[in-house]
Amino acid sequence: MENYCAFSKNHKCIKWNNYIITKHELEEADSLCHANWIEIERKNKYIQQLQTLLTAHNIPYPFE
């Protein structure tokens, strides 16, 4: 997409700001999702270690 429109008075695309804002929001969402996924993986590994310890010591724990 380009910031040029032959049909407007100043030749600026009226949708350009929306495009830029949406692009920025998508980039931010992508970085947040990646960071969240890393955190989820870290917590899942921790939970699996705890479950292994509880099972090894015959301590019952609730399942989902």
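Rules used throughout
- Residues numbered from 1 in each chain as written.
- Predicted model: local features only at pLDDT ≥ 70, side-chain atom pairs only at ≥ 80, totals over all residues.
- Heavy atoms only, no water.
- Salt bridge = Lys/Arg side-chain N within 4 Å of Asp/Glu carboxyl O.
- Helix = DSSP H or I, 4+ residues; strand = E, 2+ residues; numbered from the N terminus.

Asks: What's the story with the pattern of salt bridges in this structure? I'm lost.
Replies: A side chain with one charge can pair with a side chain of the opposite charge if their charged atoms come near. Per the counting criterion, the structure on display carries 2 salt bridges. R42 is the salt-bridge partner of E39, the closest N and O atoms lying 2.7 Å from each other. Of the two residues, E39 and R42 both sit in helix 1 (residues 16–56), 3 residues apart, roughly one turn of that helix. Between K43 and E39 there is a salt bridge; the shortest N-O distance is 3.4 Å. You can see K43 and its partner E39 sitting in helix 1, 4 residues apart, about one turn around the helix. Linked through salt bridges whose partners overlap, the residues forming this network are E39, R42 and K43.

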